[in-house]
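An overview of the molecular structure
So the chains spell out like this:
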Amino acid sequence: HHLVYTDEAVEACVDLSLRYIGDRQLPDKAIDLLDQAGSIAATKGQEIIDVKDIALVLQDMKGIPVTNILKNDSSRLKNLDKKLAKVVKGQAEAIKTVTDAVTIAKAGLQDPTKPISSFLFLGTTGVGKTALTLAMTEVMFDSTDNLIRIDMSEFSERESLDRFQDLLTVQVKRKPYCIILLDEIEKACTAVHDRLLQVLDAGILRDKRGRSTSFKNTIIIMTTNLGAELIVDNQIYEANTAEKFLNLTPNEIARKQDAFKKEVNMELTNIFRPEFVNRIEHKVIFNMLTRDIIKQIAYNNLATLSERMAVHGFKLVYEDDLIDYLADIGTDVLNGARPLARCIEEEVSAPVAMYIMRLSDDPANNIHTLKATVVGEKLGGQLQSHLKGSRKVKFTGIIDD
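Before going into details, it helps to say that this report is about the structure given with it. Counting restarts for each chain, with residues numbered from 1 along the sequence as it is written. It should be noted that, the model being predicted, local features are given only for residues of pLDDT at least 70 and side-chain atom pairs only at 80 or more, the latter also being counted only at that level, while totals for whole chains, interfaces and linings use all residues. The basis for the side-chain values is all heavy atoms of the structure; hydrogens and waters are excluded.

1. Thoughts on the pairing of strand β4 (residues 147-151)
Put simply, the test is: Paired strands, in this sense, are two strands between which DSSP finds at least two bridges. By the criteria applied, helices consist of DSSP H or I runs no shorter than four residues and strands consist of E runs no shorter than two, each listed in order from the N terminus. Look down the strands so they point away from you; if going from the first strand over the helix to the second traces a clockwise path, that crossover is right-handed.
Across five bridges, the pairing between β4 and strand β5 (residues 178-183) is parallel. The residue bridging D151 from the neighbouring strand is D183, located in β5. Crossover connection from β4 via helix α9 (residues 161-174) to parallel β5: handedness right-handed.

2. Focus on the packing of α9 against helix α10 (residues 190-202)
Put simply, the test is: Lines fitted to C-alpha atoms define the axes here, with helix axes fitted over just the stretch in contact, and angles between the N-to-C directions of these axes take values from 0 to 180 degrees. Put simply, angles under 35 degrees are roughly parallel, angles over 145 are roughly antiparallel, angles from 65 to 115 are roughly perpendicular, and the rest are oblique. Crossing handedness: left-handed means the near helix sits turned counterclockwise from the far one by under a right angle, and right-handed means the same turn made clockwise. Should any heavy atoms of two residues lie within 4.5 Å, those residues are counted as being in contact. By the convention adopted, Pro, Cys, Tyr, Trp, Phe, Met, Ile, Leu, Val and Ala count as nonpolar, Lys, Arg, Asp and Glu as charged, and the other residues, Gly among them, as polar.
Two elements in contact, α9 and α10, have axes separated by 9 Å at closest approach and are oriented at 40 degrees. In this view, α9 runs oblique relative to α10, as classed from their interaxial angle. You can see that α9 and α10 cross each other, and the crossing is right-handed. Here L161, F164, Q165 and L168 of α9 come into contact with α10, specifically with A191, V192, R195 and L196. Of the residues assigned to the contact of α9 with α10, the class counts are six nonpolar, one polar and one charged.

3. Overview of a negative patch on the surface
For clarity, the threshold we go by: For patch building, the residue pool is restricted to those with more than 30% relative accessible area and no salt bridge; the joining distance is 9 Å between like charges and 5 Å between nonpolar side chains (Val, Leu, Ile, Met, Phe, Trp, Tyr). Here the open area of atoms and residues is found with the Shrake-Rupley method and a 1.4 Å probe, where only the protein chains shown may cover a residue. Note on definitions: salt bridges are taken to be side-chain nitrogens of Lys or Arg within 4 Å of carboxyl oxygens of Asp or Glu. In summary, the charge assignment counts Lys and Arg as positive and Asp and Glu as negative, without counting His or the chain termini. Where a charge sits is defined by one atom per residue type, namely NZ (Lys), CZ (Arg), CG (Asp) or CD (Glu). Buried, partly exposed and exposed residues are distinguished by accessible area as a fraction of the type maximum, computed with a 1.4 Å probe on protein chains only: under 20%, between the cut-offs, and over 50%, respectively.
A contiguous patch of negative charge, built from D7, E8, E11, D15 and D50, is present on the exposed surface. Mapped onto the elements, D50 comes out in the loop between β2 (48-49) and α3 (51-62). Exposure remark for D50: the relative accessible area of 35% places this residue in the partly exposed category.

4. Regarding the sheet that holds strand β10 (residues 315-318)
Read from one edge of the open sheet, three strands run β10-β11-β14, paired in mixed fashion. Across the chains shown, the open sheet's two edge strands, defined by having one partner strand only, are β10 and β14 (391-399). Taken over all neighbouring pairs, the strand axes of this sheet differ in orientation by 30 degrees on average, direction set aside. In terms of strand pairing, strand β11 (residues 367-376) meets β14 through nine bridges, oriented antiparallel. Across the sheet, residue T373 finds its bridge partner in β14, namely K394. Where helix α15 (residues 291-311) meets the sheet, its contacts fall on β10 and β11, and the angle it forms with β10 comes to roughly 150 degrees.

5. Focus: the pairing of β11
Sheet topology note: the β10/β11 ladder contains four bridges and is parallel. Bridged to L316 within β11 is L370.

6. Re the pattern of salt bridges
It is possible for side chains bearing opposite charge to pair when their charged atoms get close. Under the counting rule described, the total for this entry stands at 10 salt bridges. For D32, the salt bridge goes to R24, with nearest N and O atoms at 3.0 Å. With relative accessibility at 22%, the residue D32 sits in the partly exposed group. A salt bridge links R291 to D328; the nearest nitrogen and oxygen atoms lie 2.7 Å apart. Within this pair, whereas R291 is found in helix α15, its partner D328 is found in helix α16 (residues 320-330), the two being separated by 37 residues in sequence. Residues joined in a network through salt bridges with shared partners are R291, K295, D324, D328 and R391.

Shown next, in the form of structure tokens:
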């Protein structure tokens with residue numbers, strides 16, 4: 001094309017094609033980027049091709065914004081823990097574990113023959129295992145498109161092994177830089193676990209024809225409810241004996257924690273082969289959610305609802321009594337934040353949606369602010385926090401000035 005390519009542009013052709021074009025091979029895909037960028041630049045009368053020109057070609061090919069393509073790993077991972085903590089509440093230790101592991105890997109200090117990192121997330125339902133995975137994908141890739149999520153209960157029979165392998169390898173070839181979420185890993189058959197050993201151990205998976213797929217640019221996250229009873233019992237015990245724990249020495253606390261982790265590990269080896277459990281780099285135990293954490297999640301969920309309302313020209317206002325009410329009826333030790341999500345949908349989202357639809361159909365409408373108030377029977381000047389039936393959320397439209 002009689003153009004000058006900067007060194008950075010040539011390097012970007014290799015790096016970016018490797019990151020975003022998973023269904024083709026090097027060097028062809030890098031040369032194709034080079035060629036397409038040159039062809040476009042030549043028609044525009046350009047003389048020099050830089051990194052942005054390469055990114056623009058990828059934007060047209062994959063629909064990925066140029067700003068996302070050009071963002072390097074250092075900027076993506078800056079304050080990763082704080083970014084995750086904004087979304088996932090009550091799981092500081094889990095966030096620190098994944099942040100440390102990803103940072104070490106991205107600095108090039110991990111084993112280069114294996115995936116970037118592998119995790120087993122343990123805990124009761126609704127405590128944020130999937131939420132943390134989604135948040136990691138959003139932060140690292142600017143969207144959840146690079147998440148491969150597989151329900152492992154679909155592969156409980158040995159006959160499903162080839163289907164699982166084909167599904168996984170095809171998706172990883174399309175998205176070589178990705179996070180793989182294997183939900184309820186304990187429900188898959190032992191043959192599937194054995195095949196995953198190949199991935200965890202060598203960073204590759206060979207199909208029945210001997211063709212290899214690289215998993216070296218993936219993060220593998222498996223979730224399980226195994227050990228949930230042990231986790232619940234341990235955390236309830238710690239909560240009930242908090243004062244006693246304050247009097248323990250650091251060594252005594254460490255011994256208690258090690259003993260608990262050994263119990264959980266024994267629970268895992270009742271289902272998984274020991275070699276499979278040992279290949280997983282990080283086993284992360286998620287905390288049960290307290291009422292205070294549920295309140296924080298309620299704030300987050302209402303903020304998300306407010307953002308969606310704003311798109312349609314509406315605003316939601318409320319007092320702290322709404323958060324207290326939602327926390328009262330949405331706190332469930334064994335089911336985490338899931339009951340809260342249902343409560344918000346029933347008590348807030350559905351009524352708000354009806355209001356918006358009715359007001360939007362009225363050409364004379366001058367109400368765009370909805371105020372949510374908790375009303376109900378009172379006892380000693382306070383709303384009865386233990387009775388859901390005595391309270392409800394009332395919505396009032398505020399006339400615009």
